[in-house]
There are 2 protein chains.
Amino acid sequence: MKHLIKVMKALSDPGRLKILKALENRKLCVCELQEVMGLAQSTVSKHLKILEEAGLVHWEKEGPWVNYALDKTTDNPYAAEMLAKMKNWLEDDATVSEMRFLLPEIHRDRIRKSLPDRTTS
Amino acid sequence: MKHLIKVMKALSDPGRLKILKALENRKLCVCELQEVMGLAQSTVSKHLKILEEAGLVHWEKEGPWVNYALDKTTDNPYAAEMLAKMKNWLEDDATVSEMRFLLPEIHRDRIRKSLPDRTTS
DNA sequence: AATACATATTGCCATATGTCGATATGGAGG
DNA sequence: CCTCCATATCGACATATGGCAATATGTATT
């Protein structure tokens, strides 16, 4: 039961749903996800940790970046089933559509370096 | 998005999952669900309200009782999909199995009347 | 060693959530 | 009207959650 609860809680925040919908498109590093979410970097890290612990995402290091992706081989069967469901969900949602539109412009090389947390664009 | 969040939040509490698994077996009134959950009556009412607002359950009056049942004709498509999923979930869960075992003994006519809230059996 | 970059962690704060006891509400019966 | 029964609502409290700024951590470069 606790595995199911972990997944349900992970999916109970709009921001985290947005992350998952973004990761359906491509893997993204924290600083890119920060742009996607428009929140503080620490907040993004916290959200990612919740998603990881629920078995919904996993990460790998690439140079200075930590890339996150949907966890296609997750141990948590509930996570797997929900990720499959999510593929069809929110396809008409305005927030998701807008994010889909802006995603191609979001790339780590275009994000300004050494600035305080970017909470607004 | 807010409809999806409502369902995910509703499914994020172990007690509420237990309610849904119980209602897979038969409709139940609040006092019976109180026995199932082993919590205060007011807590049970609150949980049921959350489930109802998420479109997961609905109620009908029968004499002095309010019977709750899974909402098979829910407006919320996410609720419908999750109810279908839930049918296969937690079938091996200890809490659910125990509840299934005890459910036949739980009936409104066998519940003592006019007592303070029954928080422990 | 110092500096830079990316990210994880910590601590604080405001708000949400789950639990309880008390009380209000709705309805039936005498 | 009063009493009883079942349930919804309210208010208080402890804990969880989501956001932020500050800081720690890991790695690479000079």
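If you're wondering where the values come from, they're calculated on a predicted model, not measured in any experiment.

Draft legend 1. Fine view of the UniProt feature "domain: HTH arsR-type" (unreviewed entry) in chain A. Mapped onto the present numbering, the UniProt feature "domain: HTH arsR-type" (unreviewed entry) falls on residues 1-94 of chain A. Strand forms 15% of residues 1-94 of chain A and helix 54%; the C-alpha atoms that close the span are 33 Å apart.

Draft legend 2. The pattern of salt bridges, seen in detail. Residues and elements named next belong to chain B. According to the stated counting rule, one finds 18 salt bridges over all chains in the structure shown. Here E24 ties to R100 by a salt bridge, and the two come within 3.6 Å at their closest N and O atoms. With E24 in the loop between α2 (14-23) and β1 (28-29) and R100 in helix α6 (residues 94-102), the pair connects residues that are 76 residues apart, well separated along the chain. In this structure R100 comes out as partly exposed when scored by relative accessible area, which is 27%. With its nearest N and O atoms 3.7 Å apart, the salt bridge here joins R26 to E32.

Draft legend 3. Here's a closer look at the pairing of strand β2 (residues 57-62) of chain B. Residue and element names in this part refer to chain B. Summarising the sheet, β2 and strand β3 (residues 65-70) pair through six bridges and their orientation is antiparallel. In the strand pairing of β3, K61 is matched with V66. Hairpin remark: β2 followed by β3, antiparallel, with two residues in the connecting loop; positive phi at G63, about 60°.

Draft legend 4. Representation of the packing of aromatic side chains in the model. The final tally for this structure, using the stated rule, is two aromatic pairs over all chains. When the centroid spacing of 5.0 Å and the interplanar angle of 85° are considered together, the rings of W89 of chain A and Y78 of chain B count as edge-to-face. Residue W89 of chain A is found in the loop between α5 (77-86) and α6 (94-102), and its partner Y78 of chain B is found in helix α5 (residues 77-86); the two belong to separate chains. The exposure class of W89 of chain A is buried, given its relative accessible area of 3%. Assessed through its relative accessible area of 14%, Y78 of chain B is described here as buried. Lying over the aromatic face of W65 of chain A, R108 of chain A brings its terminal NZ or CZ to 5.1 Å of the ring centre.

Draft legend 5. Broad picture of the sheet that holds strand β2 (residues 57-62) of chain A. Residues and elements named next belong to chain A. Strand order in the open sheet formed by three strands is β1-β3-β2, and the pairing between neighbours is antiparallel. The open sheet has two edge strands, β1 (28-29) and β2, and neither has a second partner. Sheet topology note: the β1/strand β3 (residues 65-70) ladder contains two bridges and is antiparallel. Bridge pairing in β3 places L28 opposite Y68. Contacts from helix α2 (residues 14-23) reach β1, β2 and β3 within the one sheet, and its direction differs from that of β3 by about 90°.

Draft legend 6. Structural context of the relation of the copies chain A and chain B. Once chain A is rotated about the relating axis by 180° and shifted along it by 0.0 Å, it coincides with chain B to within an RMSD of 0.0 Å. Seen this way, the second copy is the image of the first under a two-fold rotation axis. Minimal C-alpha separation from the rotation axis in chain A is found for M8 of chain A, amounting to 2.7 Å. The share of interface residues of chain A whose copies in chain B are also at the interface is 95%, consistent with both copies meeting through the same surface.

Draft legend 7. A look at the nonpolar core. Judged by nonpolar contacts, the single largest core of 70 residues is most densely connected at L56 of chain A together with L56 of chain B. Residues contacting L56 of chain A, with those up to four places away along its chain left out, are V7, A10, L11, L20, L51, A69, L70, D71, A79 and L83 of chain A.

Draft legend 8. Structural detail: the interface of chain A and chain B. Taken together, the contact pairs 20 residues of chain A with 19 residues of chain B. Carbon and sulfur atoms supply 73% of the area buried between chain A and chain B, which totals about 1900 Å² over both sides. Applying the counting rule to chain A against chain B returns two salt bridges. In this structure, K85 of chain A and E81 of chain B form a salt bridge, with 2.6 Å as the shortest nitrogen-oxygen distance. Inspection of the chain A/chain B interface yields 11 residue pairs in polar contact (both at pLDDT 80 or more). Per-element accounting of the side of chain A that touches chain B gives the leading share, five residues, to α5 of chain A. Broken down by class, the residue content of the side of chain A that touches chain B amounts to 13 nonpolar, two polar and five charged.

Cut-offs used in this document
- Residues numbered from 1 in each chain as written.
- Chains lettered and ligands numbered in written order.
- Predicted model: local features only at pLDDT ≥ 70, side-chain atom pairs only at ≥ 80, totals over all residues.
- Heavy atoms only, no water.
- UniProt positions renumbered as here; feature names shortened; annotations may be inferred.
- Helix = DSSP H or I, 4+ residues; strand = E, 2+ residues; numbered from the N terminus.
- Salt bridge = Lys/Arg side-chain N within 4 Å of Asp/Glu carboxyl O.
- Buried < 20%, exposed > 50% of the residue type's maximum accessible area, 1.4 Å probe, protein only.
- Pairing = 2+ DSSP bridges.
- Phe/Tyr/Trp six-rings, centres within 6.5 Å; stacked < 30°, edge-to-face > 60°.
- Lys NZ or Arg CZ within 6 Å of the ring centre and 35° of its normal.
- Contact = heavy atoms within 4.5 Å.
- Axes fitted to C-alpha atoms, helices over the stretch in contact; angles between N-to-C directions.
- Least-squares fit on C-alpha atoms with pLDDT ≥ 70 in both.
- Core = buried A, V, L, I, M, F, W, Y, C linked by side-chain atoms within 4.5 Å.
- Buried area = accessible area lost by both parts, 1.4 Å probe.
- Polar contact = N/O pair within 3.5 Å; in protein donor to acceptor, adjacent residues only side chain to side chain.
- Nonpolar A, V, L, I, M, F, W, Y, C, P; charged D, E, K, R; others polar.

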